[in-house]
Each structure stands twice: as C-alpha cells, then as structure tokens.
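Structure assessment
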Amino acid sequence: MNQVDTSPNAIPNVNLRQVGKNKPRNDSPTKVYGKAIYAGDLIMDDMLFAKVLHSDRACADIKSIDVSVAKTLPGVHSVLTADDLPATNAVMTDMPGQVGGGTKNTKQPILAKERVRFYGEPIALVAAESYELAQRALDLIVVDYEDTEGVYDAFDAQKPDAPIVYGNDNIVAAYKVRKGDIEKGFQEADFVLENTYSSQYQEQAFLEPEAAVAWVDEHDILNIRSSTQVVEHFRAVADALGMPHNKVHLQAPYVGGGFGGKEVMTIEVWLALLAMDAQRPVKLKQTRENSFISHGPRHPFTITHKTGVTKDGKITAAKITLTSDAGAYAKLSPYILLYATVGATGPYRVDNLWIDSTSAATNNLPTCAYRGFGTMQATTACEAQMEELSKLIGLDSLEFRRKNFIQTGDPNATGQIIRSAVWSDQCATKAREALGDKPKSTEHTVYGHGLACYQQSYGRIRWMKDTSESWVGLEMDGTLIVRCAVTDIGAGQMSALAQIAGEVLGVPMEEITVYFGDGHVNPLAGTSTASRALYMTGKATELAAKNVRNNLFECMAEYFDVRPEELDLGDSKVFVQDNPERCMSVKDMAKHCAAQGVHRHSLEIYRAPPSEGLDPETGQGEVFPDFTYGAHAATVAVDTDTGEVTVIKSVGAHDVGQSINRQAVEGQIEGSALMGQGFALSEELILEKGVLKNGSFSEYLIPTSEDVPEIESIILESRSGLGPFGSKGIGEPVFSPVAASIVNAVADAIGTRIHHLPLTPEKVLTAINEEKTKEAAE
Amino acid sequence: MLPRFELSQPQTLPEALKALAGGVGQPLAGGTNLFPDLRGGREKGDTFISLSQVGELRYIEHTDNRVTLGSGATISDILRDPQMKIAAPALVAASDIFAGAMVRNAATIGGNVCCGSPSADSVPPLLTLGADVTLASASGERTLPLDEFYLDYKKTVMKPDELLASISWTPPTPGSAHLFYKLSRRKGDAITITGISVLVEAEGGKCKTVRIALGSVAPTIFRAHEAEGMLAGRVLTSELIEEAAQSAAGQCKPISDNRASAEYRLLTAHSLTRRLLRQAWKQAS
Amino acid sequence: MSSEKAVTLRVNGNEVNIITPAHRTLLEALRHEGFVEIKSGCEKGDCGACAVLLDGVPVDSCITLAWHAEGRDVTTIKGLGNSDSPDPLQKAFIETGGAQCGYCTPGMIIAAKALLNENPEPSLDDIKKALSGNLCRCTGYTKIFEAVQIAAEDLRKEGEAA
Ligand SMILES: Cc1cc2nc3c(=O)[nH]c(=O)nc-3n(C[C@H](O)[C@H](O)[C@H](O)COP(=O)(O)OP(=O)(O)OC[C@H]3O[C@@H](n4cnc5c(N)ncnc54)[C@H](O)[C@@H]3O)c2cc1C
Ligand code: FES
Ligand code: FES
C-alpha cells in the first residue's frame, strides 16, 4: 500500500499533467522484450576477447613478470604489462565528469609494476581470439611475487611503525568540524553517552558485471561502449593513453545497475589499451568473481559518538570521530569521508560540535562510491545513538528526535543554512504510524519496531561547480527529441527527461525520443551519481524545454492574438487558457512556427549553486546544494533460538520535493528497502589479511525474493527542492536510513544493541545469550 | 567458462554402467554441484558420463509400503509428487527451500546424496526416514542403509564403477511427525549453516520410533544414535528432550567458515534439535 | 583437445545448428549465436539472469551444457512475445515498473512464465518461492511480484473469455 501527501503548506504547482503521475517508463518495453543491448552484448566483426590477470595477494613485491610463453600462444594478439604502457602508467580516479575545480587529483597505476597493494590489483591484460584462449594465456603468465608486510586495519595503519601504503603516513584524508563550545555543552548536559559503532564492507552487486567493447574506427577515434555511470571518463582514458580528449569516444548503453560501483573508471582504460595495441575490437566482460575486485565496495567505518543531553531531551554537545578504511588507493575516499562528516549529526541541530574524521589507507580492497556515499554509514551510527539516548533519558525515541530536528533556516553540521523544507517530523510520524502495533512475542520469537531519520545531500559538492546540459527540440510532426548525455543506470533517468520535456511542451512522453548516454553526440550532462542525475539533467531539460515553449508561445500569441502568458500547452495542443476552444494541435503548431522561422530547439545549461569550500580549521562552509529529509521504519521478528532476523514490514516516508514519476520513486524506495536490509543483516565482504574470501553470489548474500517484507512507500511533496518542479534527489536519500531502522528494530526486539554490523544470526544469538546471562546475574 | 572435458551420453542404465566400468569418467547428473565446482577449480575431472539421458533413473514409485526415488529424480520432481507430502514430509520441506526454481529443476536427488556435502539438504530428512540406498555397477547391485553410506567429508562407500541407482524407505506411519529445519544467512537460495531433521512416531503415549539427523555440523551428515536411544520407548518430557538435544550436540564436530563459527553451529544444533523434538513430540502424540 | 559435436536445437521455434565441444554451456553457445537477450550475472547458478525455458522447464543456461539441449526447444524472453503481441507478463512488467536496470528482467520473466504455466493462481508466497533463484538488485522485487499477480489475473480473464 502506498500513499501520497502534499500537505497544506506545500507550494501549489501549476496543474501538472504528466509529472508526478504513475507513468510506465519509456525504457521498459525494450527491456521486457529482451531487446535492450547492454555493453557486453555488442558483437563486432573480428572482435577479440580480453581477460585480466588480477593479483591473488594483497601486499607483495613483484620480482618479475614473464609473459614470453603467453605471447607465443597462437590466437593471442596482445599481452600487456606495466612495461608496455605509457611511462606514467596512471589513471585518474578522482571525481569524474565536468568539475570546475577543487578535486584531489588522485591517481592509480593502470597495471601494477613493482608492487601489488591489494588483492585483485590488475597486473596484465590479454586479448585473444576467444575468452578461452585469453584465459590460457593468463595461466601461462608467471608472476614472481615476494610477500611483504601489509597493514589491514585503518587504526593500525595510523600507527607510527605501520607499513606505508599511501603517501607518507597512510592518511588519505582528514576533516574537522569545530563549532560552539563542547566543554560548555557537556557541562550543560544531564547525561553523557558514549558509544562506538562500526560497519562492514558492502558490495554493490549490480547484476551486470563490468563489461565494455573498445575499437578504433576509420577516423582513428578510439570508441568505447561501456557499462559506466560516467561517459565523461573519456577524458581520463585519453589522458592515461596520452591522446587528445576529442579522440576518445565513450558511450554508455543501458547499464545493468551501478549504485556507485561504476562511477570511478573500472575496465575502460584496460580495453582502450588493448584495442589500441591490437587494432581490433576487443570485448571484456568481467566474471562475477572478478567484478568483486574491479570496483571499490562500501567503506567500513568506525564511528564514536559522545553526546550530551538534558533530561528533557535536548542535545547540548556532540563529539564524534569517524574512521574509514580507504584500502590501497584513495579513489573517492576523501569525498566519501566528507559526506560522512557532514552526515555525522544526521538531521539534528547540534550547536556545540566537535568532529574529527580520518580515512586511512590499508592493503585491503580500495573502497569507493556506493549509494549513500558515507552519509549512509554516518546515518546508521547516528540513528543508533539517537535510539540509545532516548532510552537513556526515558523518552519516546520520536519525541526525542523531534526536540532536535533541524528546521528550515537552521545550520547543519558545517553551518550551512538549510533553505528547503525539512519534513523530518512529518515523515517519521507517518513511517512509524504505518508500522501499526507490534506483534506479541511467542515461544521462540520476539518482535521489534525501529525508526531512523536522515539528512542526505543531493547534487555534487558545490566547489566542484557541477553543470549539466540538455537539448530539447520540437520536430515538424509534433514529436519531441531530447538529447542529453545522462547515463541510464536503471532508475529511469532517461524516461524522466521525456516526462519533464513532455510536461513543459504538452506532448505525451510516449511521443518523445531521448538520446542519452553518449557525450559526443549529445550535450554533456555529467554523471549519474550523487543523486544528481534527475536534479541536474532534469533541471537542464526543464530549462531547455521552457525556452522552446517561450519561443513557440511568442509566435502563437500573435496567431491567437493574445499575450504569451495567456497560452498553455497540454494534451498535444496549444490553447488559450481562458478559452480552450481556441487551440491548435502541437503538430500544426510545429509547422506553423517552422514556417515563421521560430527556433524550435534549445540547448541549456544548469549550474548547481557553487561555493568555495570549507574553512579547514572549523569545517564550516556550504558543502552541498541541498538535502533530502525523511524516515524509514521497520518491524522485525527475531528467533531467539537461532538469532535469525526476519523483516516483516519496511516503510519509507520521504519528502521527495516533487515526484516526477511516482512509480519510479516507489521503485527507489523498494529497492533501497532490500539493499539496506542486506546491509543490516546479511551482506559483508570477508577479508583475511586483505584477501577476499567470499567474492561470489553464493557466499556474498544479497536479499532474494523470499527475503522481501511488506514494503510501503509514503511520498510527501514539499515542492521545495532545487530540481525540476521543486523535486529533490532521492536515489541515495531513500536508502540511507533503511539499515539503521532495521538495526534499531532488532535492538528493540532483543533488548540490547549490537554495535558491529551486519546483524548475522550468530551475532544476534550471542547478544541474546549475553543479555540472558546478564539478567540472570542481576 | 568450464574447463575442457570429454562427455559420454549413455542412453540406458546398462550403457552407463558399462561406461563407468571402464574406470575413466565420473557420473554427471544435473551438474548443479559439478559445474560450479569445476568452474571454480574445486573439482577436477576430464571425463564425465552424463546420466541425464538415462530415463530409467528418473522416477518416483510408491508401492504398498515402500517409496523409491530413482537417483535421477529432481528436487522439483519431489515437489510435484502429490503423495510425497505424506511419504516424506521433511523431504518436501527441504525441497521447498532448496536453491531456486531453476536449480531445483536440474538438481537430482542422486547428486545431492552422492556429492557428500555436509550441507546437502535432502540428506537429513532421508536419514530420519531410515532410507536405504541401492548402488549399481556392471557387476550387480547392493543395497545398504544411507546411514552407512558416508565415510568422511565428501567420501562415501561408493566404488568408482558404481553409481547410486535409487533411494527407498518405508513411509512414516500416519500421525508421526517428520520435520526439517534449515538455518541459513538469508531466507532464499542459501547454503545451510545448520540443518536438522527429526522423525517421531508415538504409540500409546510413548515414543515408539525416533530418528535425529544433523547436517552441516560435522564432516558428514549423521544420525544421533545415542540421543535416539535416550528417547526411544519413553515419554518425551522437556528434561529428556533437553538431554537428548545435548547428546546430539555432543556428537557434532563443526568447523568455522565464512557462514558461521563452530560454536554457533553447536549452539544451534542443540537448540534446533530441542525445538524440533518438542514440536515433533507435540505433533505426534 | 576435446571432441566437438554438431548440436541441433530450436530457439524460439527456429532451428539452430551449432558445433561445440562438450564443456560449452548453453549460455555461451547461444550468446555466441547472437541470442544476447540471455544475460549472465554469475555463470554458476546463483543469479538466474541466464534462465531460459528448456522444453518448457526453466533452467539456468550457465550450468546447462549445450550438448544437453540437442533436439530440444529453448525459449528466451524474445520467444515469449514482442511489442506487437506481448506476453501478459511483459505487459505487466511495463505497467508496474518491474524492470529498472532491466538486466535481471529476461531471466525473471522466464521464471515467472514457468510459474504461471504450472500454477495459474499463485499466492504471493508461491511467487516468492518461484523467483528465489533470480536475483534483482534494483527493484526490491515488490513491483515484480505485482507484475506477476497482474499477469496471472490477465491470463485468467483471457482463459475465461476463450
Ligand atoms: C545456486 C545453487 C543453489 C544450491 N542450493 C542448494 C540447496 O539449497 N541445498 C542443497 O542441498 N544443495 C544445493 N545446491 C547444490 C546442488 O544443487 C545439489 O547438491 C544437487 O542436488 C546436486 O545434484 P546434481 O544432479 O546437480 O549433481 P551433479 O552436480 O551432477 O553431481 C554431484 C556429484 O554427485 C555425483 N553423482 C551424481 N549423480 C550420481 C549418481 N547417480 N551416482 C553416483 N554419483 C552421482 C557426481 O559425480 C558429482 O560428484 C545448490 C547449487 C546451486 C548451484
Ligand atoms: S548467470 Fe546463470 S545463474 Fe547467474
Ligand atoms: S532491474 Fe536491475 S537487477 Fe533487476
């Protein structure tokens, strides 16, 4: 059951005809008929097949790599090691896309040369007539390693005698926030509570493993068709190969899921090198096992909260430390740490605040972008602390949260004033109501309710000066074309643009064609990351469509002899608002305007609000364009004999600003409910001294159909966001509180809290038994 | 990508047995164990003898007082058989939560029994049914209790020229309870952490027959004979059940792996045996 | 070198001849022939992306040998219907938004089809059980369940009308 609420204080919108409705997405037919072509599906004449030799150890010197035998195998066309690469042998792993400034310029070797720093680090590339031959060639490559001492813990990595993995002290990034006076704040508190929470590695587990085909065309342009969230990697590929940017053409067809795992470059540069070397098309599809080591999983975080509260529930001070394990290379760790830092206090106002956050390098898998991007881990810890605080002072946990929620006009952790609506309270109230009564315990089963709120940014860090472009044009037959190089990674990115352009120009979305995923043919739109795709590309499309509309109205106003403001477009007609009988079909309008030489196309750019960064001493400044607020609530059943947790009900209530496609919003909430449940309960990469032990779908357990609880989506619309029609970003926000709500529900059920995730049956049973022993002793 | 191998595809049982007698080649049934293991390098083999065309192996037979499963019957075949709910309730329960639909359609009962995996889900229910296995080779057949089939981790009494032809048992008497519990880290399609089956038959207020089998908690799936001995012929009080469950747990030799620790397996072997015994006793008496 | 064999099978009603060694999976063989609507997510039976109907029975083509398809009928998602004559499941997946990234969709619909063939009135639990071998990371399965329920309803109505 799903509900919608547009509360009385919502800004009324013009009568929306398509936006906000439940529309079948226009990418659905090709997908359900089996016609959608993904990167690995492309078949080309004369194509070679590639395989990658990944390191099977986490920390070793490479004494030698012998590829001589592999090279002689008939049918093998290219065998590349670091020695064959441009001397720099480096590829950018920093914030991808069009960024105006402020990046960290992090790089990573394309292929390991003298040293491997993590399990899975690529060492050699092979292209051959078949995968089988390529594999045989890989098997013939002899790498002589000498294991060296590594470091596998983010705290150990910061000790003075730790082996150095990164820079000269293993510190990849650090931030601090100093605000108010925490000494004073703690003095004012009636209670002070300190707890440490930690969370695990999570794998994106998109269903389509990394795949791409690369070829050099007749114009000597290097083409790459890849499963990526970011077509603008073409620049990084070109830089890595020493080519001009305009000679590398990267396009993304439909992408079989990303969740952040296809944000930083994965396999594109390897294929580029092979295609250039072999001068034949080359395809690479990673196996699932290799996919686990081809992109960075979620950062494990250890977060300590020391919080002061008064007896009536006001937070007076917070001292928070956050530590994340960056793994062997920086990738996006600095940014993820920043998100976690901003998110550390959740959606609560804390005026006396002290935060120290550190990301340390280890010889573990390099960690990287993943839905929630640090905020999710911070939320999980913060919401556990909120629950524990309310328990301590004996206040209902929602009541306690209410006393501390940030309101519009309040500063958040970094002192950014929140300008959009903050409907944390409405969302939390509705989410909790939807749970209903808690079932009664039975012989082996206890039940619990859990709630979690959040503050999650949408849009990229402001000093990156993010932009997005889109082109909208009205064809002579009244159909519309949108050209926008957004990548469609499954959330309906492409379809939403059709809906937006259709809304503005009165054309049903079925009659709109969107060209996407190809930045050399379409205007660059930036990345499908950071819950920015709809916000930014949607805004650019809205602006472009409005330009076209204005041009058309100018011409049509003359025709109807009214002012342009008196016209409207809808149901494939232009009409006079006060007298809808006076109308013309969009098709005839297109012809009429064309005959008058009206400009029926427009290219627009949307620029996110910029800022100039944080004060390094106080951590104060404007980091993000805006934030989404909401809540998730869950009911769980816990088996007291085994510790098994069953999620019975899962409710997401979010102020999405304005839903563009209701069905797509629900889809995000439902998908998040399961992904967050996996994080809370079953998903965990197991690393032993950096070596991945469970890199397959039979050992790494994402939720199945049988794990699905009843899911309810409650969509609130404040229409106060920066996106098209007042929308806010939702892809990450609706995910961030899920795990926290389940973890809180388990704590409620068993009467004690487990501080390290995931809550495997084993940990839950241990906690239950410890609690029993404690009770018996008392 | 699978490693290269040769495959023969006999059409009849005698052909298959003849191929096996040649001494090269291992049986291949549904391949749901073999293929993942070959691909992952956990299993080697360059010659296989496919049993999937041997129609004589794929059947389910209910006669007067005996149920026989041809080794080629799939897990789905078991679920589709309407009489199986009575003939082997716990086997149906185990089949119901076995893998996903596609794997259930390919996976054979023979493969599940012969793979010797401690987490094979059909085996605890078959053990508590007191099932017999019939092994066939070119030189003849032999039948033995399934309870004597397993020697050690992935080791069975089967000789290289033998294959499992069928599994048979006498259905539990009406009113008896036959239960299975699969403990795993998620609800659907997961490898078992602890798998317990219990059969209890009551008569005149006493426990007439009781069998207990435990999976995933030792190198092989095994029957807890000692615990069974403590219960047979008696009224199953809570105390007695607790003692038996303790005894069963005492027989476990679990290992720690990515799914769970040895201690957790012990704890749950204990608590689940207790739970199933209680439930079965209540149901049967 | 392992021996190769000519295998003849029908894919979506059309005869396909392939010459292939014994260790080649049906997934590899058919994708090589251009049936790229069959997806692969794990190649070991864990995800269901590669599911096809083999003589009407859903199997994971990644753990089925091409040789075993000799003389048999394979149905892929394209064999179920197209925009001109969609299968009720395809229509329902469009209606509910059961496909997000779409990568699990071909296998998911194949598994759902097999369920409805066998059980025209599945309960929610029946649906969950029938799809537990098909992983989806995007949707949280809920809209997939809805789609299967809608399709079942449509098929029932169709049946009544006929
Ligand atoms: C995704 C997935 C999920 C799974 N889930 C489960 C689960 O929930 N529970 C579970 O128990 N198992 C599970 N399995 C494992 C597997 O499916 C079962 O063990 C299955 O029953 C094996 O049967 P098969 O016919 O596929 O055997 P195969 O793989 O063909 O053979 C397995 C072994 O048995 C031997 N063998 C097969 N038949 C005979 C015979 N008649 N005589 C002698 N030897 C024989 C083979 O030589 C081989 O060594 C799962 C597997 C996968 C891929
Ligand atoms: S690819 Fe066949 S089940 Fe995953
Ligand atoms: S829709 Fe993406 S995996 Fe199912």
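For clarity, every value in this text was computed on a predicted model and none was experimentally measured. Per-chain numbering applies: the sequence of each chain, read as written, is numbered from 1 onward. Each chain is given a letter, starting from A, and each ligand a number, starting from 1, according to the order in which they appear as written. With pLDDT at 70 or above as the cut-off, local features in this predicted model cover only qualifying residues; side-chain atom pairs require 80 or more to be listed or tallied, and sums for whole chains, interfaces and linings still use all residues. Note that the side-chain values use all heavy atoms of the structure and ignore hydrogens as well as water.

All names here are of chain B. Secondary structure elements follow DSSP: runs of H or I no shorter than four residues count as helices, runs of E no shorter than two count as strands, and numbering proceeds from the N terminus. As for its position among the elements, Thr 74 is in the loop between strand E5 (66-70) and helix H3 (75-80). Burial classes follow relative accessibility: with a 1.4 Å probe on protein chains only, a residue under 20% of its type's maximum area counts as buried, one over 50% as exposed, and anything between as partly exposed. By relative accessible area, Thr 74 is classed as buried at 4%. What makes two residues a contact is simply this: any of their non-hydrogen atoms within 4.5 Å. Residues contacting Thr 74, with those up to four places away along its chain left out, are Arg 58, Arg 104, Asn 105, Ala 106, Ala 107 and Thr 108.

This brings us to the interface of chain B and chain A. If you look at the interface, chain B gives 24 residues, while chain A gives 33 residues. By definition, the buried area sums, over both parts, the 1.4 Å-probe accessible area that each loses when the two are put together. When chain B packs against chain A, the two sides together hide about 2,500 Å² of surface, and 46% of this comes from carbon and sulfur. Among the residues chain B hides against chain A, the three largest losses belong to Arg185(B), Arg186(B) and Lys187(B). Together they make up 29% of the total. The rule for a salt bridge is simple: a side-chain nitrogen of Lys or Arg has to be within 4 Å of a carboxyl oxygen of Asp or Glu. At the junction of chain B with chain A, the criterion picks out eight salt bridges. Measuring nitrogen to oxygen at the nearest pair gives 2.9 Å for the salt bridge that ties Arg4(B) to Glu132(A). We define a polar contact as two N or O atoms separated by no more than 3.5 Å, with the added condition that, inside protein, one atom must be a possible hydrogen donor and the other a possible acceptor, whereas residues neighbouring each other in sequence contribute only through side-chain atom pairs. Across the chain B-chain A interface, the total number found is 16 residue pairs in polar contact (both at pLDDT 80 or more). Contributing elements (two or more residues each) for the side of chain B that touches chain A: strand E11 (177-183) and helix H11 (262-284) of chain B. Charged residues are taken to be Asp, Glu, Lys and Arg, nonpolar residues to be Ala, Val, Leu, Ile, Met, Phe, Trp, Tyr, Cys and Pro, and polar residues to be all remaining types, Gly included. Grouping the amino acids of the side of chain B that touches chain A by side-chain chemistry returns eight nonpolar, six polar and ten charged.

Further remarks concern the site of ligand 1. Around ligand 1 there are 32 residues in total, and Pro27(B), Gly30(B), Thr32(B), Asn33(B) and Thr108(B) lie nearest to it. Each of chains B and C places residues next to ligand 1. A distance of 2.8 Å separates an oxygen atom of ligand 1 from a polar side-chain atom of Asn112(B). Values of accessible area rely on a 1.4 Å probe in the Shrake-Rupley scheme; residue burial ignores everything except the protein chains shown. In isolation ligand 1 exposes 970 Å². Once the protein is present, 91% of that is buried. Elements with a minimum of two residues in the shell around ligand 1: strand E2 (26-28), helix H7 (109-114) and strand E10 (163-169) of chain B. Considering each element in turn, the shell around ligand 1 owes the most residues, four residues, to H7(B). Here the residues of the shell around ligand 1 are counted per class, giving 15 nonpolar, twelve polar and five charged. Working definition: residue near molecule or strand if any one of its non-hydrogen atoms lies within 4 Å of it.

Looking now at the environment of Asp257(B). All names here are of chain B. If you trace the backbone, Asp 257 turns up in the loop between helix H10 (238-250) and H11. Judged by its relative accessible area of 29%, Asp 257 is partly exposed. Separated by 64 residues in sequence, Asp 257 and Ile 193 have C-alpha atoms that sit 9.5 Å apart. In this structure the side chain of Asp 257 is engaged in a polar contact, spanning 3.1 Å, whose partner is the side chain of Arg 265.

Take the sheet that holds strand E3 (residues 51-54) of chain C next. All names here are of chain C. Criterion used throughout: strands pair if DSSP finds at least two bridges between them. The strand order E2-E1-E5-E3-E4 describes an open sheet built from five strands, whose pairing is mixed. A single partner strand is all that each edge strand has here, and the edge strands are strand E2 (14-21) and strand E4 (57-60). Between one strand axis and the next, the sheet turns through 40° on average, direction left out of account. In this sheet, E4 lies alongside E3 in antiparallel orientation, the contact comprising four bridges. Bridged to Leu 54 within E4 is Val 57. Axis geometry follows a simple rule: fit a line to the C-alpha atoms, using only the stretch in contact for helices, then measure angles between N-to-C directions, giving values from 0 to 180 degrees. Packed onto the sheet, helix H4 (residues 105-118) meets E3, E4 and strand E5 (73-75) and runs at close to 35° relative to E3.

Accessible area lost upon the coming together of the parts is a frequently used measure of interface size. Across the boundary between the two partners, chain A contributes 55 residues, which contact 49 residues of chain C. Of the roughly 4,000 Å² buried where chain A meets chain C, counting both sides, 56% is carbon and sulfur surface. Taken as a group, Val32(A), Tyr33(A) and Leu207(A) account for 19% of the area that chain A buries against chain C, more than any other trio of residues on that side. Between the two partners, chain A and chain C, sit six salt bridges. Counting every contact that joins chain A to chain C gives 31 residue pairs in polar contact (both at pLDDT 80 or more). The set of elements that each furnish at least two residues to the side of chain A that touches chain C consists of helix H1 (28-32), helix H7 (288-291) and helix H15 (662-681) of chain A. Its residues placed into classes, the side of chain A that touches chain C shows 23 nonpolar, 17 polar and 15 charged.

Residue and element names in this part refer to chain A. Take the residue count of a helix, subtract one, and multiply by 1.5 Å to get its expected span. If you check helix H12 (residues 493-505), its first and last C-alpha atoms are 19 Å apart, about what 13 residues at 1.5 Å a residue would give, namely 18 Å. Here H12 lies mainly inside the structure; 13 of its 13 residues are buried. Residue Gly 506 follows H12 closely and has a positive phi angle near 70°.

Attention now goes to the confidence of the model for chain B. The quantity called pLDDT is the predictor's confidence in a given residue, expressed from 0 to 100. Averaged over every residue, the pLDDT of chain B is 97; residues scoring 70 or more account for 100%. As a predicted assembly, this complex carries a pTM of 0.97 together with an ipTM value of 0.98.

Below, the discussion takes up the domain arrangement of chain B. Residues and elements named next belong to chain B. Segmenting chain B into domains produces domain 1 (6-117 + 131-169) and domain 2 (177-284). Averaged C-alpha coordinates put domain 1 and domain 2 at centres separated by 25 Å. Listed per partner, the contact involves 15 residues of domain 1 and eleven residues of domain 2. Across the interface of domain 1 and domain 2, roughly 1,000 Å² is buried in total on both sides, 61% from carbon and sulfur atoms. Ranking the residues of domain 1 by area buried against domain 2 places Ala 90, Ile 97 and Asp 147 at the top, with a combined share of 43%. For the interface between domain 1 and domain 2, the tally reads zero salt bridges. Between the two partners, domain 1 and domain 2, sit three residue pairs in polar contact (both at pLDDT 80 or more). Where the side of domain 1 that touches domain 2 is concerned, the elements lending two or more residues are helix H5 (89-96) and strand E8 (150-152). Of all the elements, H5 adds the most residues to the side of domain 1 that touches domain 2, at five residues. Where each domain starts and ends comes from a domain assignment, either automatic or drawn from a database.

Here the focus is empty space enclosed by the protein. Residues and elements named next belong to chain A. Cavities and pockets were defined on a 1 Å grid built over protein atoms only: a cavity is a set of grid points that admits a 1.4 Å probe from which the probe cannot escape, a pocket is an open set flanked by protein on both sides within 12 Å along at least five of seven lines, and lining residues are those with an atom within 4 Å of any such point. Grid points are joined across faces, edges and corners, and a volume is the space filled by probe spheres set on the points. Under the counting rule described, the total for this entry stands at 13 cavities of 30 Å³ or more. Surrounding the largest cavity, 43 residues form its lining, Ala 491, Gln 493, Ser 531, Gln 668 and Gly 731 being those nearest its centre. Secondary structure elements with two or more residues in the lining of the largest cavity: H12, helix H13 (533-560) and H15. In terms of residue count, H12 provides more of the lining of the largest cavity than any other element does, four residues in total. Among the residues making up the lining of the largest cavity, the classes are represented as 18 nonpolar, 19 polar and six charged. What the second largest cavity holds in volume is close to 230 Å³. In terms of lining, the second largest cavity is formed by 21 residues, of which the most central are Gln 108, Met 265, Trp 270, Ser 294 and Lys 331. Those elements giving two or more residues to the lining of the second largest cavity turn out to be strand E6 (107-109) and helix H6 (268-278). Of the residues in the lining of the second largest cavity, the class split is 14 nonpolar, six polar and one charged.

A few words now on the nonpolar core. By convention a nonpolar core is built from buried Ala, Val, Leu, Ile, Met, Phe, Trp, Tyr and Cys residues, the set being connected through side-chain atoms within 4.5 Å. Formed by 147 residues in total, the largest nonpolar core has its most connected members in Leu505(A), Met589(A), Val636(A), Val638(A), Ile750(A), Val764(A) and Leu131(C). Considering every element that reaches this core, the biggest residue donor is H13(A), with ten residues. Among the nonpolar cores identified, the runner-up in size contains 67 residues, and Leu193(A), Val264(A), Phe301(A) and Leu337(A) belong to it.

Residue and element names in this part refer to chain B. A sheet is described by the order of its strands in space; here three strands give the open sequence E1-E3-E2, paired in parallel fashion. At either end of the open sheet lies a strand with only one pairing partner, and these are strand E1 (6-8) and E2. Each strand of the sheet is rotated relative to its neighbour by a mean of 35°, with strand direction disregarded. As judged from the three bridges shared by E1 and strand E3 (residues 47-50), these two strands associate in the parallel manner.

Quick look at the environment of Ala452(A) now. Residue and element names in this part refer to chain A. With respect to the secondary-structure elements, Ala 452 resides in strand E19 (residues 445-458). Once the C-alpha coordinates of Ala 452 and Lys 285 are considered, the two residues, 167 residues apart in sequence, prove to be 39 Å apart. Discounting chain neighbours no more than four positions away, the residues touching Ala 452 are Glu 383, Arg 401, Gly 630, Ala 631, His 632, Pro 737, Ala 740 and Ser 741.

A few words on the domain arrangement of chain A. Residues and elements named next belong to chain A. You can read the domains of chain A as domain 1 (39-148 + 209-255 + 262-292), domain 2 (301-461 + 613-777) and domain 3 (467-607). Domain 1 and domain 3 are separated by 39 Å when their C-alpha centres are compared. Listed by partner, the interface residues are 20 residues for domain 1 and 18 residues for domain 3. For the domain 1 and domain 3 pair, buried surface summed over both sides reaches about 1,400 Å², with 55% attributable to carbon and sulfur atoms. In this structure, the connection of domain 1 to domain 3 is made through zero salt bridges. Across the domain 1-domain 3 interface, the total number found is seven residue pairs in polar contact (both at pLDDT 80 or more). Mapped by element, the contributors of at least two residues to the side of domain 1 that touches domain 3 are helix H5 (234-241) and strand E14 (248-251). Ranked by residue count, the leading element in the side of domain 1 that touches domain 3 is E14, at four residues.

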